[in-house]
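Okay, here's what each chain looks like letter by letter:
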Amino acid sequence: PQPGVNVSFTQGVIKTPTGEVATGFTFNADGTITVPGDAPKGVYTFSYKICKKDAPGTCKTAQGVLKVQTVKAVDDDYSSSPVNTVLEAKTIGNVLDNDWYGDKPAKEALDQITLTTEGPTYEILLKPNGDVVVPKGMPAGNYVIRYRLCIAGQTDDNSCQEANIKIVVFQD
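Predicted model, so just to flag it, every value in this text is computed and none were measured.

Caption draft 1: How the structure looks around the overall build of the chain. Regarding its fold elements, the chain presents 1 helix and 15 strands. Taken over C-alpha atoms, the radius of gyration comes to 23 Å for the chain, far larger than the 16 Å a tight globule of 172 residues would show. Expressed as lengths along the three principal axes of its C-alpha atoms, the size of the chain is roughly 80 × 35 × 25 Å. Across the 172 residues that make up the chain, the buried fraction comes to 34%. Partitioning the intrachain contacts of the chain with sequence separation of at least 6 by distance along the chain shows that 59% fall at a separation of at least 24.

Caption draft 2: Inspection of the side chain of Asp76 at higher detail. Mapped onto the fold, Asp76 is located in strand β7 (residues 76–77). Among buried Asp, Glu, Lys and Arg side chains, Asp76 stands out as unpaired, with Arg146 the closest opposite charge at 9.7 Å. Filtering out sequence-adjacent residues up to four positions away, Asp76 remains in contact with Asn94, Val95, Asn98, Tyr147, Asn164, Ile165 and Lys166.

Caption draft 3: The arrangement of the pairing of strand β5 (residues 55–68) in detail. Note: strand β4 (residues 42–52) against β5, 11 bridges, orientation antiparallel. For Lys49, the partnering residue across the bridge sits in β5 and is Thr61. Counting the residues in the hairpin turn of β4 and β5 gives 2 residues.

Caption draft 4: Region of interest: the packing of aromatic side chains. Taken as a whole, this structure holds 3 aromatic pairs when the rule is applied. Centroid distance Phe27 to Phe46: 5.7 Å. Interplanar angle 70 degrees. Geometry classified as edge-to-face. Of the two residues, Phe27 sits in strand β2 (residues 26–27) while Phe46 sits in strand β4, which places them 19 residues apart along the sequence. Every member of this aromatic cluster is reached through a ring pair, and the members are Phe27, Phe46 and Tyr48.

Basis of the calculations
- Residues numbered from 1 in each chain as written.
- Predicted model: local features only at pLDDT ≥ 70, side-chain atom pairs only at ≥ 80, totals over all residues.
- Heavy atoms only, no water.
- Helix = DSSP H or I, 4+ residues; strand = E, 2+ residues; numbered from the N terminus.
- Rg over C-alpha atoms; globule rule 2.2 N^0.38 Å.
- Buried < 20%, exposed > 50% of the residue type's maximum accessible area, 1.4 Å probe, protein only.
- Contact = heavy atoms within 4.5 Å.
- Lys, Arg positive; Asp, Glu negative; His and termini not counted.
- Salt bridge = Lys/Arg side-chain N within 4 Å of Asp/Glu carboxyl O.
- Pairing = 2+ DSSP bridges.
- Phe/Tyr/Trp six-rings, centres within 6.5 Å; stacked < 30°, edge-to-face > 60°.

Structure follows, in structure tokens:
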């Protein structure tokens, strides 16, 4: 069967993890479900009816499970360990160490991260694995840069969260 082509879906009831009727969810013609951005994480159950388009009386009712995950980006404060980059670049930590995707550490979920600071970031590098690298020769100072953590493959605001990285650079 191809949803929207030779079968149709009729939305049933979606229930929250506590068994209450959930609102804001949308059953799409292609068989996917759109989850509202404010839906709490948890396991939702739902029912639906699927019918053959060429035989409208040929229908089946089914039950499904939908697991809603959330992403949690947490500020990273590396200012208690100032870094000196006069001679070489330094990796000062990993922003994913304290971030979460659902009930798993974000490092295990392989989420996507990007720097979002507007203006100069002084070539601070945020690697795809979450490592923060301060470049060689970075001027002394206190820096705050911002990053965005998104559920892998998603970029909408409901699937992403932002956090700050605090860095102190010194020279001697």
